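Tertiary structure, described
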Amino acid sequence: LDSNQAFTSSFTTEEQVVILSVPQFYQPRGFDCNLYATKMALGFRGISISVESAKASIGVGEDPNSSWVNGYGVHWGPLSGYISGFRSISVKGGWNVVGLASEIMNGNPSIVYVYNGASTPIGQFELPGGFTGFMGMHSEVVVGFTGRADNPTSIITNDPWRGRRKYTIGSFYGIWGYLGNRAIVVY
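Note that this is a predicted model, so its numbers are computed, not measured.

In this section: the environment of N158. Within the secondary structure, N158 is located in strand β7 (residues 151-159). For N158 and S80, which are 78 residues apart along the polypeptide, the C-alpha to C-alpha distance reads 18 Å. Residues contacting N158, with those up to four places away along its chain left out, are V22, P23, Q24, M40, E140, V141, V143, G163 and R164. Within the structure, the side chain of N158 is placed 3.0 Å from the backbone oxygen of V22, a separation counted as a polar contact. A distance of 2.9 Å separates polar atoms of two side chains, one belonging to N158 and the other to R164.

What follows is the structure in structure tokens.
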């Protein structure tokens, strides 16, 4: 029936969720997160690698800026060099979540270097070879986001240590800023 009474209503729309189908691989031991993140990102591109062959290709040594370091891992330079043998990459520093979300919209996962949230004390330390390391350095793969690409409200990752993670933007910047908002975009 027609009404002569005022009527108001409200509704809430669901936020957009964008997630790439990046495979989840878990690191069975500590300090291999960089390599397992690489295995995930390349796996998404249809490239299967073994962590041991990746480590051998990068080389094992004492300087994480040129090789994989036992009991620590590897920095973005050598890792991006390894990945570029399979796919085009772009190494970012001082980057932002809008850039990450934009790459997700384009179908490109990003390996990020973050603080693991657990290791203490936090900060730089000297590795046995005399080179600089970062306590709690960790790598995850950004696989998605919620919200709009130009204003994401959360970042979704595959973590080789803890599985699928969803971070608020503030908490993500909190762990990502530790190593200068570094990322390796895998095209």
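What follows is about the side chain of S80. Following the sequence through the fold, S80 ends up in helix α3 (residues 76-83). Look at S80 and you get buried, because its relative accessible area is 9%. A polar contact of 2.9 Å, which involves the side chain of S80, links it to the backbone oxygen of G77.

Before going further, it helps to examine the environment of R148. In this fold, R148 is placed in strand β6 (residues 137-148). It is 8.2 Å that separates the C-alpha atoms of R148 and A101, two residues lying 47 residues apart in sequence. Within polar-contact distance, the side chain of R148 engages the side chain of D150 at 2.9 Å.

What counts, and where the lines are drawn
- Every chain's residues receive numbers from 1 upward, in the order its sequence appears when written.
- Whole-chain, interface and lining totals are the exception, using all residues; otherwise, since this is a predicted model, local features are given only for residues with pLDDT of at least 70 and side-chain atom pairs are given and counted only at 80 or more.
- Side-chain metrics rest on all non-hydrogen atoms present in the structure, leaving aside hydrogens and water.
- Helical segments are the DSSP runs of H or I of at least four residues, strand segments are the runs of E of at least two, and each set is numbered from the N terminus.
- Any pair of residues with heavy atoms lying within 4.5 Å of one another is described as a contacting pair.
- Here a polar contact is taken to be a pair of N or O atoms separated by no more than 3.5 Å, where protein atoms must pair a possible hydrogen donor with a possible acceptor and residues adjacent in sequence count only if both atoms sit in side chains.
- Remark: exposure states derive from per-residue accessible area (1.4 Å probe, protein chains only) relative to the maximum for the residue type, with buried under 20%, exposed over 50%, and partly exposed in between.

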